[in-house]
Amino acid sequence: MTAAPDIQVLARQIREARGVAHKRDIDAVVARLGLGSPHAAVLVGDDCAAIPDGDGHLLLAIEGFLDSFVADDPYFAGYCGIMVNLSDVAAMGGRPLAVVDALWSRDAAAADLILAGLSDAAALYGVPIVGGHTNIRAAAGNLAVAVLGRAGPRLLTSFDAAPGDDLVAAIDLRGRFREPHPYWDASTGAPGARLRGDLALLPAIAEEGLARAAKDISMAGIVGTALMLLECSGVGGVIDLDAIPRPDHVPLARWLTAFPSFGYLVSVHPDRTPAVLARFAERGIAAGAIGRLDSSQVARVRDGAGADAEVWDFAAGPLIGCARHGAGAAR
């Protein structure tokens, strides 16, 4: 039997993970662009820019992809261009309206698999690609995709998690890794109706007032994404690693840095947690309360033996520079 990883080692691996390192680059970019004012009409720090519009909000998000990812798995890169943007919209309680893409490739043949992934995902998720930019005479392949969505007056934000809330993790475990990468794919090959219905869970939770804060699990991993949510909301908490939904055959250390195709963290008042868990369970999605938030501004992890370790003290130094009510960004 393989020994459980030491909690201090896990905490260090989370802090030093590549996905978390990328998030630490955000603060300088936001400062240079002058986007960090807490008094801005559109706060920066959420999964999408939430633009007030009538009695609701327009949601605008964009994702750019590492050139190594595009080169190694062009079809899935194109597919992810749709999938991850729709996840950002859902994480804020919205529904997608349309997508545009910007594609660079060496020639038409190199672009074909990327375009196939974009086209297949758009059809499965039922969202139109309405335009973009194409250059098939470039020196290297790159891809960026943006999405426009819409939400009602009730958003799920990064700024509204509160002390005393349960931190709920919901992850679709019906998938597999796209080896050797950390991408947990529970989307390709799944029925489109199921994928669309699963994404609709998040706007339903927002519209029914079951939660006010959420974030989709990004390349920073489960705990890394929780760090961003806690920092933006000005809270702390303890995450129970054994409570995180996880496939039986996947080691914990690998799962903590995985990027799931359907994975969300939702901050929920305890009296509403059973209803939120039931919504995910009804659709076959694994979900559980993995921690309780507090006012400490310190994020900790705890193992099954009760040992715990500090991952980040936001009062001592920022992760992404995202202060409560919008100073900073989780781009």
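As shown above, the structure is provided for reference.
Residues numbered from 1 in each chain as written. Predicted model: local features only at pLDDT ≥ 70, side-chain atom pairs only at ≥ 80, totals over all residues. Heavy atoms only, no water.

Caption draft 1: Geometry of the packing of aromatic side chains. Under the criterion given, the structure shown has 11 aromatic pairs. Measuring from ring centre to ring centre gives 6.1 Å for Phe65 and Phe69, while their planes differ by 50°; the resulting arrangement is tilted. Judged by its relative accessible area of 7%, Phe69 is buried. Ring pairs connect the aromatic residues Phe65, Phe69, Tyr75, Phe76, Tyr79, Tyr125 and Tyr183, which therefore count as one cluster. Seen from the ring of Phe76, Arg178 lies directly overhead, with NZ or CZ sitting 4.1 Å from the centre. Cation over ring: Arg254 sits above Phe177, and NZ or CZ is 3.8 Å from the ring centre. (Phe/Tyr/Trp six-rings, centres within 6.5 Å; stacked < 30°, edge-to-face > 60°. Buried < 20%, exposed > 50% of the residue type's maximum accessible area, 1.4 Å probe, protein only. Lys NZ or Arg CZ within 6 Å of the ring centre and 35° of its normal.)

Caption draft 2: Structural detail: a nonpolar patch on the surface. On the surface, a nonpolar cluster with roughly 300 Å² of combined accessible area is contributed by Ile51, Leu60, Leu97 and Leu148. Given a relative accessible area of 42%, Leu97 falls into the partly exposed group. (Patch = residues over 30% accessible without salt bridge, like charges linked within 9 Å, V, L, I, M, F, W, Y side chains within 5 Å. Areas by Shrake-Rupley, 256 points an atom, 1.4 Å probe, with all protein chains shown as cover. Salt bridge = Lys/Arg side-chain N within 4 Å of Asp/Glu carboxyl O.)

Caption draft 3: How the structure looks around the sheet that holds strand 10 (residues 236-240). Judged by pairing direction, the sheet is mixed, and its 7 strands sit side by side in the order 9-12-6-13-10-14-15 without closing on themselves. Edge positions in the open sheet fall to strand 9 (213-216) and strand 15 (308-313), since each of these has one partner strand only. When the angles between neighbouring strand axes are averaged without regard to direction, this sheet yields 25°. For strand 6 (residues 166-171) and strand 12 (residues 263-268), the ladder comprises 6 bridges, and the chain directions are antiparallel. Considered in strand 12, the bridge of Leu167 is made with Ser267. Running over the sheet, helix 9 (residues 221-233) touches strand 6, strand 9, strand 10, strand 12, strand 13 (286-294), strand 14 (298-302) and strand 15 and is turned about 140° from strand 9. (Pairing = 2+ DSSP bridges. Helix = DSSP H or I, 4+ residues; strand = E, 2+ residues; numbered from the N terminus. Axes fitted to C-alpha atoms, helices over the stretch in contact; angles between N-to-C directions. Contact = heavy atoms within 4.5 Å.)

Caption draft 4: Geometry of the nonpolar core. Counting 55 residues, the largest nonpolar core has Ile82, Tyr125, Leu202 and Phe280 as its most contacted members. Ranked by residue count, the leading element in this core is helix 5 (residues 74-91), at 11 residues. Core analysis: the next-biggest nonpolar cluster, separate from the first, contains 45 residues, Ala17, Ala226, Val301 and Trp312 among them. (Core = buried A, V, L, I, M, F, W, Y, C linked by side-chain atoms within 4.5 Å.)

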